[in-house]
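Report on the structure
Each chain, letter by letter, is given below.
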Number of protein chains: 2
Amino acid sequence: MARTQGSHSDITGPRIRKAALSLFARHGYAAVSMRQIAAEVGVQAGALYNYTPDKQSLLYRLMNDHMQELLSTYAKLTPADSPVEALRQFVSFHIRFHMERPDEVFIAYMELRNLSPENFTEIEAVRRKYEDSLEAILKAGQQQGLFTVADTKIATLAVIAMLNGVITWYRAGGRLSLDAVEQIYWDMVLRSVTA
Amino acid sequence: MARTQGSHSDITGPRIRKAALSLFARHGYAAVSMRQIAAEVGVQAGALYNYTPDKQSLLYRLMNDHMQELLSTYAKLTPADSPVEALRQFVSFHIRFHMERPDEVFIAYMELRNLSPENFTEIEAVRRKYEDSLEAILKAGQQQGLFTVADTKIATLAVIAMLNGVITWYRAGGRLSLDAVEQIYWDMVLRSVTA
DNA sequence: GTTCTATCTGAACGGACGCTCAGATACATT
DNA sequence: AATGTATCTGAGCGTCCGTTCAGATAGAAC
């Protein structure tokens, strides 16, 4: 009873985060115990503390990894020629990126209040940065007379809220294909910012 | 140490629900203890069980009361002449009703997974009923050639998601008045469903 | 003024929680 | 083959959890 067969830091670490991710998403951070996470990995609770200083840091790590990947993946897109094309690209990216990560998205929204104040500030800054990139598109389109929004900040939030709605109800294999959903939302988004 | 001065069932009951509402909204159902709720009311934990069989029922009561009031208040609105007017009425109602109840809204959305299966089913049915009333408006407008949406069900969800976004960021006394916000959202909603 | 009852206290129940740590063991290094 | 180290176990710490309940008291009923 000690070190187990085939135990490795670079295997157990990711498995712990994966288990925590899944459990936090399903039951909520506060409702999940370290023992439950350990059981999912097939390990004793004490072993988790080789990989995280505490439960709170485990949550922060999950959220931060997600937000950083969101930002860096979006940054790698090829720049669009026009604001309209940039907006289309944003809509497509946002839907697809989040659709592939339902658990991360859920946690990033629901568990913000369980972050320590400093951690919360950091995560919010990243989120703001992402939102700002959408607002920049709307501002550019507004200046070029392509878009007509009363308030770019509100329009930004409204568009993101609308897109986030997809994730809450879309299920692969349902009535509509992802392409179809993307098309419908693109139509509605474009209309909502166009006179 | 027993019955306290001025203690009454019809006073303590609402105070308990009010305290639970506030605490659940701020920290989450799972993160709030019965002792915390009791302390907020100024009573011992055991006293709570004169008003709720258990913690779970307390949550359900809060959510159900909220949903029922949403539905009944909406039902009392004077019928609109046209789908466009009905949509405007819905947007206005939705924003204002929810803006006045931030805690209830937050709980109704975040704590669904903490309901027992039967309770969950009931709450979902009420929510669906409310959404259906919006879809009915969109369908009517679609048939009359006033709206042009690819899919009324998706448009329904998209509009509600967009409107719900307001509640997450709007703060009274901020840059914009509630009237202004309502106007901006009404513009965007109407555009998003119009060719 | 006495009795009755609704309401609350205070203590306790078994169990779960986050977290720590000495010791055991598998694997890496030589 | 021997040694060193990374990894995990198992036990346990103090604390909190939801819930129960006998007993005490305030206000209602008479």
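Provided above is the structure to which this section pertains.
What you are looking at is a predicted structure, and each value in this text was computed from that prediction instead of being measured.

Surrounding DNA strand D, one finds 29 residues, the nearest of these being Ser9(A), Gln44(A), Tyr51(A), Ala2(B) and Gly6(B). Of what DNA strand D places within 4 Å of the protein, 66% of the atoms are sugar or phosphate. In this structure, Arg35(A) approaches DNA strand D through a side-chain N or O atom, which is 3.3 Å from a base oxygen. In the environment of DNA strand D, a phosphate oxygen lies 3.3 Å from a nitrogen or oxygen atom belonging to the backbone of Val32(B). The leading source of residues in the surface near DNA strand D is helix 2 (residues 34-41) of chain B, at three residues. When grouped by side-chain class, the residues that make up the surface near DNA strand D number 10 nonpolar, 13 polar and six charged.

Another aspect to go through is the environment of Asp54(B). All names here are of chain B. Along the chain, Asp 54 turns up in the loop between helix 2 and helix 3 (55-75). The class of Asp 54 is partly exposed, set by a relative accessible area of 33%. Taking the C-alpha atoms as reference points, Asp 54 and Asp 132, separated by 78 residues in sequence, lie 33 Å from one another. Among residues more than four places away in sequence, those in contact with Asp 54 are Met 34 and Tyr 49.

Residues and elements named next belong to chain A. Counting through the fold element by element, His 66 comes out in helix 3 (residues 55-75). With relative accessibility at 4%, the residue His 66 sits in the buried group. For His 66, the residues in contact, after removing those within four places along its chain, are Phe 97, Arg 101, Glu 104, Val 105 and Ala 108.

Rules and cut-offs
- Residues numbered from 1 in each chain as written.
- Chains lettered and ligands numbered in written order.
- Predicted model: local features only at pLDDT ≥ 70, side-chain atom pairs only at ≥ 80, totals over all residues.
- Heavy atoms only, no water.
- Near = heavy atom within 4 Å.
- Polar contact = N/O pair within 3.5 Å; in protein donor to acceptor, adjacent residues only side chain to side chain.
- Helix = DSSP H or I, 4+ residues; strand = E, 2+ residues; numbered from the N terminus.
- Nonpolar A, V, L, I, M, F, W, Y, C, P; charged D, E, K, R; others polar.
- Buried < 20%, exposed > 50% of the residue type's maximum accessible area, 1.4 Å probe, protein only.
- Contact = heavy atoms within 4.5 Å.

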